[in-house]
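The primary structure of each chain is shown beneath.
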Amino acid sequence: MKSRTIKVDYLARVEGEGGLFVKIKNRTVVDVIFNIFEPPRFFEAFLRGRNFTEAPDITARICGICPVAYQMSSVHAMEYALGVKVDGQLRALRRLLYCGEWIESHILHIYLLHAPDFLGYEDAIRMAKDYPDAVKNALRLKKIGNELMILLGGREIHPINVKVGGFYKVPAKKELENHLDDLKWARDAAIDTVKLVSTFNFPDFEQDYEFVALRHPDEYPLCEGRLVSNKGVDIPIPDYEKHFEERHVEHSTSLHSVIRARGAYHVGPLARYNLNFDRLPQSAQQAARDVKLATPCNNPFKSIIVRAVETVFACEEAIRIINEYEMPEHPAIEIQPRAGVGYGCSEAPRGTLYHRYRIDDKGKITDAKIVPPTSQNQKIIESDLWEFVQKNMALSNEKLTWLCEQAVRNYDPCISCSCHFLKLHIERE
Amino acid sequence: MLLIGVGNEFRSDDAAGLITARMLFHRIGDKTQIIEMSGEGAALIEAWKNMSAVILIDAVSSGAPAGTIHRLDASTQNIPSDFFHYSSHAFGVAKAVELSRELKNLPPRFIIYGIEGKSFHAGTVLSSEVNKALPVIIDLIVKEIELFSSDN
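What you see is a predicted model, and the numbers here were worked out from it, not measured in a lab.

S.K.: Explain the overall build of chain B to me, using residue names and the numbers behind them.
M.R.: The number of helices and strands found in chain B is 4 helices and 5 strands. In sequence order, the secondary structure elements of chain B are arranged as β-α-β-α-β-β-α-β-α. Here the C-alpha radius of gyration of chain B, 14 Å, is about what a compact globule of 152 residues would show, namely 15 Å. Each of the three principal axes of chain B carries a C-alpha extent, and together these read 35 × 35 × 25 Å. Within chain B, the proportion of its 152 residues that are buried is 49%.

S.K.: Can you break down the sheet that holds strand β3 (residues 53-60) of chain B residue by residue, with the values?
M.R.: All names here are of chain B. Strand order in the open sheet formed by 5 strands is β2-β1-β3-β5-β4, and the pairing between neighbours is mixed. Of all strands in the sheet, those with a lone pairing partner are β2 (33-37) and β4 (69-73), marking the two edges. Strand-to-strand twist across the sheet, computed as the mean angle between neighbouring axes with direction ignored, equals 20°. Inspection of the sheet shows β3 paired to strand β5 (residues 109-116) by 8 bridges, in the parallel sense. Paired with Asp58 across the bridge in β5 is Gly114. Helix α2 (residues 41-48) contacts β1 (2-6), β2 and β3 of the sheet and is inclined by roughly 170° relative to β2.

S.K.: Describe the pairing of strand β11 (residues 351-359) of chain A, with residues and values.
M.R.: All names here are of chain A. Within β11, 8 of the 9 residues are buried, leaving the element largely enclosed by the surrounding structure. Summarising the sheet, strand β10 (residues 340-348) and β11 pair through 9 bridges and their orientation is antiparallel. Bridge pairing in β11 places Val341 opposite Arg358. In this structure, the hairpin formed by β10 and β11 is closed by a connection of 2 residues. Count of turn residues in the β11/strand β12 (residues 365-371) antiparallel hairpin: 5 residues, of which Gly363 carries a positive phi of about 90°.

S.K.: Pulling in residues and values, what's your account of the nonpolar core?
M.R.: Among the nonpolar cores identified, the biggest contains 167 residues, and A:Val135, A:Val309, A:Val312 and A:Ala318 are the most heavily contacted of them. Sorting elements by how many residues they give to this core places helix α4 (residues 88-119) of chain A first, with 14 residues.

S.K.: Quick rundown of the confidence of the model for chain A? Include the residues and the values.
M.R.: Detailed reading of the predicted coordinates is not advisable wherever pLDDT is low. Residues and elements named next belong to chain A. Overall, the prediction assigns chain A a mean pLDDT of 88, with 89% of residues at 70 or greater. For the stretch residues 1-16, pLDDT sits under 50, and the model shows 21 contacts to residues farther than four places along the chain or on other chains. In this model, residues 415-424 is a region of pLDDT below 50 whose contacts with residues beyond four sequence positions or in other chains number 36 contacts.

S.K.: Please give an account of helix α10 (residues 269-276) of chain A that cites residues and values.
M.R.: Counting buried residues in α10(A) gives 8 out of 8 residues, a clear majority hidden from the surface. Taken together, the buried positions of α10(A) are occupied by A:Pro269, A:Leu270, A:Ala271, A:Arg272, A:Tyr273, A:Asn274, A:Leu275 and A:Asn276.

S.K.: Explain the environment of B:Glu116 to me, and be specific about the residues and the numbers.
M.R.: Residues and elements named next belong to chain B. Along the chain, Glu116 turns up in strand β5. Glu116 sits in the buried class, given 23 other C-beta atoms within 10 Å. Remark: the alpha-carbon pair of Glu116 and Ser61, spanning 55 residues in sequence, is separated by 5.7 Å. Filtering out sequence-adjacent residues up to four positions away, Glu116 remains in contact with Val60, Ser62, Ala64, Pro65, Ala66, Gly67 and Thr68.

S.K.: Tell me about the pairing of strand β6 (residues 226-229) of chain A, and please be specific about residues and values.
M.R.: All names here are of chain A. The alternating pattern of β6 places Leu227 and Ser229 on a buried face, while none of Arg226 and Val228, on the opposite face, is buried. For strand β5 (residues 212-215) and β6, the ladder comprises 4 bridges, and the chain directions are antiparallel. Within the sheet, the bridge partner assigned to Leu214 lies in β6 and is Leu227. Across 2 bridges, the pairing between β6 and strand β7 (residues 234-235) is antiparallel. Considered in β7, the bridge of Val228 is made with Asp234.

The rules we used
- Throughout this document, residue positions are counted from 1 along each chain, in the order its sequence is written.
- Each chain takes a letter, starting from A, and each ligand takes a number, starting from 1, following the order in which they are written.
- Residues qualify for local features only when their pLDDT is at least 70, as the model is predicted, and side-chain atom pairs are given and counted only at 80 or more; totals for whole chains, interfaces and linings, by contrast, use all residues.
- Numbered from the N terminus, helices here are DSSP runs of H or I no shorter than four residues, and strands are runs of E no shorter than two.
- For the radius of gyration, the atoms used are the C-alpha atoms, and the globule rule reads 2.2 Å times the number of residues raised to 0.38.
- Put plainly, a residue is buried at 20 or more neighbouring C-beta atoms within 10 Å of its own, exposed at 12 or fewer, and partly exposed in between, counting only other residues' C-beta atoms, which are placed from the backbone.
- Whether two strands pair depends on DSSP finding at least two bridges between them.
- Convention adopted: a line fitted to C-alpha atoms gives each axis, helices being fitted over their contacting stretch, and angles between N-to-C directions are expressed from 0 to 180 degrees.
- By the convention adopted here, residues make contact when the C-beta atoms placed from their backbones lie within 7 Å.
- In plain words, the nonpolar core is the set of buried Ala, Val, Leu, Ile, Met, Phe, Trp, Tyr and Cys residues that C-beta atoms within 7 Å link up.
- Each residue carries a pLDDT score, the predictor's confidence in it, ranging from 0 to 100.

Right, dumping it as structure tokens:
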């Protein structure tokens, strides 16, 4: 009798496990493998055969921490395919929803995931013993971000109010104004956060990165703009796949993204900040200057400061949008399906998120491609680790492990990797 | 007294806490404040920080047989971080309880009821084991609330 085995190495769920393997031979790093679980491949298959209207709700399920990013990239891609432009207050409300996500995601990462690395605590719970006020402020900040997501998205995790063409329901001005006082407090608390995290000790480590992010003519980028880099990329979003490709690597279930012409690149807060500093509001620029944060900043450990600066931006932008808000007459624009291909990019808290869909004349999705920021940063994370371990070879395994985990968390790569699932194995010969 | 049902209604048995809360609402909703939450830690702490007593119900993945009912007194014992089914937001129930304890805003009376889940795959149907456990856990919680009321 033939035996048959069905083995599932990784379940198709949002949370992933990360592993890290570093091999050192004769005081030289000879191998670095960073492997994380990337679920979106399965979502691309789920999407086939579904209606175009379902993409924002299905893709929101990919991530519990940045569902808005998936919704925004998907609706922009669909609207591109359908020849529709969402503008005015509906566009502003989308930015506002995204601000909520940036606030809650950045604050989670800064205080609860990354700060313990710098302050020498195993986790935020132990850190809270010595920094109770900072943690309480973090929880309040996170709640303020969550509340924007609840108001505009229906709930704080996997929002349900975003649709292709706009929203299912839009708030009255008064409902938004109720959040103004909290957001003003949050802006000030974010400025204090910039000050606090800038006092941390940062390893002396820089690389000559190619930073990639959206750039918009007038705004700090969230949902729109051209894709640019500090080494010559300047393309419209539909040209993404001409310049970037995903490559399979033997050791990983996740594809590695590269720039076809040059290889690894860096997406996320540091990339956005370096490419769009001039688009930040005055208060955020000043917060960065006050702590002497360089522009460009090439030290990935300082991404924690940049996240705080971006939180100042998100609060400031939310306040601006609410002040200028007028309730639109309709929550969404009417859309008729047609055959086409659509492209969308938005800036998830942890970096650029690309979606591409093909739909038929009935509006059915026939093909989908999703490139999450974690996939794009995977190669640069390995590159950082390679250089970092080589430079810090003299450290004990314990210390080096701590710093390597911290180096991975610089990229806020995915929620389980950012927490306690990362296992480091250093082999010395 | 606040009763919190936690879970994801689209992840099969992960909905157990939410379903229990809804069933309790029909039975004692006029006497007890009952809310449903996703399990996001900051929101949880915010919900309970000024309460004197909380009962929280969530699906559990501890390795026990499906349908097993667990009762933990969080006011006297630490909650292991791997007790609950994985959280998709890194900062779920167990960490929220422990962080709240450190921040000294954990309600003085805090009982957690866990229902051991069988399947956490995408879906909207509870396993038969969890379904069978629901009337039992509801009776236990009603008694718990009565006991608390008589203590006060």
